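Examining the three-dimensional arrangement
Listed here are the chains, written in short residue letters.
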Amino acid sequence: MPAVLGYVLKGFPRISETFIANEILQLEELGFTLRLFSMRQPRENFSHPMVKKIKAQVTYLPSELLLDFPRLLLPNIFLAVKRPGPYLRTLRSAAMGVKKDNPLATLKHLLQARYLTNRVLLREKISHLHGHFAHSPTSVTMFAAELSGIPFSFTAHAKDIYTTKAEKLRRKVDRAAFVVTCTRHNRAYLENIAPASSTPLHCLYHGIDLELFRRPQRQPASHQPAKILTVARLTAKKGLPTVYRALALLHAAGLHFQHTLVGDGEERGVILALIDALGLSDHCRWLGTLSHDQVVELFVESDLFVLGCEIAASGDRDGIPNVLVESLAMGVPAVAPAVSAIPEILLDGETGLTVPPGNPQALSQAMTRLLADTGLRRRLIDGGVKHVRENFNNRSLTRQLAAIFAAHNPALLPENLF
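So, here's what we can say about the structure.

Reading the values: the criteria
Residues numbered from 1 in each chain as written. Predicted model: local features only at pLDDT ≥ 70, side-chain atom pairs only at ≥ 80, totals over all residues. Heavy atoms only, no water. Helix = DSSP H or I, 4+ residues; strand = E, 2+ residues; numbered from the N terminus. Rg over C-alpha atoms; globule rule 2.2 N^0.38 Å. Buried < 20%, exposed > 50% of the residue type's maximum accessible area, 1.4 Å probe, protein only. Contact = heavy atoms within 4.5 Å. Areas by Shrake-Rupley, 256 points an atom, 1.4 Å probe, with all protein chains shown as cover. Pairing = 2+ DSSP bridges. Axes fitted to C-alpha atoms, helices over the stretch in contact; angles between N-to-C directions. Phe/Tyr/Trp six-rings, centres within 6.5 Å; stacked < 30°, edge-to-face > 60°. Lys NZ or Arg CZ within 6 Å of the ring centre and 35° of its normal. Right-handed = clockwise from strand over helix to strand, strands pointing away.

On to the overall build of the chain, then. Along its length, the chain carries 15 helices and 13 strands. The C-alpha atoms of the chain give 23 Å as radius of gyration, which agrees with the globular expectation for 418 residues (22 Å, within 12%). Seen through its C-alpha atoms, the chain measures out along the principal axes to roughly 75 × 50 × 40 Å. Relative to its 418 residues, the chain shows a buried fraction of 56%. Summarising the internal contacts of the chain: among those between residues at least 6 apart in sequence, 73% fall at separations of at least 24. Total accessible area on the chain is roughly 18,100 Å²; 53% of this is exposed by carbon and sulfur atoms.

Here it is, written out as structure tokens:
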């Protein structure tokens, strides 16, 4: 039986992180044995079906510094007695960044790592730790690795990279056995901030389930009014005001459409008020958060997929939104701004159309082209499906990840995998 691979996650399960649940499930299907450590309890009242298939045991770490302090304190005291050297080293390591970081957050991550180490890592045979997201999950992972002597790695995504101070991120890269990130754009950024690091940096796209997101055998004719779809969290980096201002331009030009928005988030009130202010209430609907199966049904009915992604004031941005990959796989042509790694999925004029960020005029013109030009639609649909099938098959990508884990820690390798 292979050794155990420990995953440290911000939360589990999370509706917006289906790619992580898929990765865990597929590693299990390949024969890996996993143990999951979640930094907080789930916050949604439903999860996607694949979550129920995951066999890994989940341990939820105490998540509230004040309310959970009694639960955090005793394991910390016991660990100080058991492993005084590593205990003091991680204390010094945490102190290095406290002056420039949020000291309470750093303290909580250190306490969670000590809890994890004393309660699990010193009692069970965990051979490798892996953090998903480079900010808080990797902080806990790194501290726990230093305390236990277990090697660690992490996957860096988007917000966690660009809103983390470069010095702190460099420290994590230097100490990791390896780093995985989901776009070439991200890898170039990490290479730039840690040019002297010997840590391998691997680029692996998230990928999608090509059996679930499959182009219909019969591509439906365009609808009248046109059906336009957006699936996004209602947050600043998604640039939804740009989408609705572009839709207002389409409406003013006399184009008939029905726009559907799927998702939820902290800017819900702002977005719904903007729809009303722009006079689009009769042409736009908001459905909230939906399951994958429901989103697939919407893709089948849609003529066009649109996002308005931009770099938020905080520095937060997308990498490659999975919904763009899903849209192309389903044969729905897409348009989005050329932000971050989006040009890696939307090759302008080949697999989709890209426009400058924050430009409603350019976005409305691109949507008009995609709805009006039959030849362009057919070319982009064919190119998009081919691009996704060649580069975003999550099963193929998970096997590549499995090979990376095995190369760094052969004990994790299931028998007869490669």
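This part covers the sheet that holds strand β4 (residues 126-132). An order of β3-β2-β1-β4-β5-β6-β7 is seen for the seven strands of this open sheet, with the pairing classed as parallel. Edge positions in the sheet fall to β3 (57-60) and β7 (201-203), since each has one partner strand and no second. Strand-to-strand twist of the sheet, defined as the mean angle between neighbouring strand axes without regard to direction, takes the value 20°. Relative to the sheet, helix α5 (residues 136-148) contacts β1 (4-9), β4 and β5 (152-156), its axis offset from that of β4 by approximately 155°. Packed on one face of the sheet, helix α8 (residues 184-193) meets β5, β6 (179-181) and β7 and runs near 165° to β7.

To continue, consider the packing of aromatic side chains. If you walk through the whole model with that rule in mind, you get six aromatic pairs. Where tyrosine 205 meets phenylalanine 392, the ring centres are 4.5 Å apart and the plane angle is 25°; that geometry is what we call stacked. Placement of tyrosine 205 in the loop between β7 and β8 (226-231) and of phenylalanine 392 in the loop between α14 (374-391) and α15 (394-408) is noted, with a sequence separation of 187 residues between them. Judged by its relative accessible area of 12%, tyrosine 205 is buried. Among the residues examined, phenylalanine 392 registers a relative accessible area of 2% and is labelled buried. The cationic tip of arginine 114 hangs over the ring face of tyrosine 87; the distance from NZ or CZ to the ring centre is 3.8 Å.

Let us look at the pairing of β1. The buried fraction of β1 amounts to six of the six residues, a majority that puts the element mostly inside the structure. Side chains Val4, Gly6 and Val8 of β1 all project onto a buried face; the interleaved residues Leu5, Tyr7 and Leu9 project onto the opposite face, where all are buried too. The parallel pair β1 and strand β2 (residues 33-38), bridged by helix α1 (residues 18-29), forms a crossover whose chirality is right-handed. Where β1 lies against β4, five bridges are found, and the strand directions are parallel. Among the inter-strand pairings, valine 8 is bridged to a residue of β4, identified as glycine 131.

Just geometry here; none of it tells us what the structure is for.
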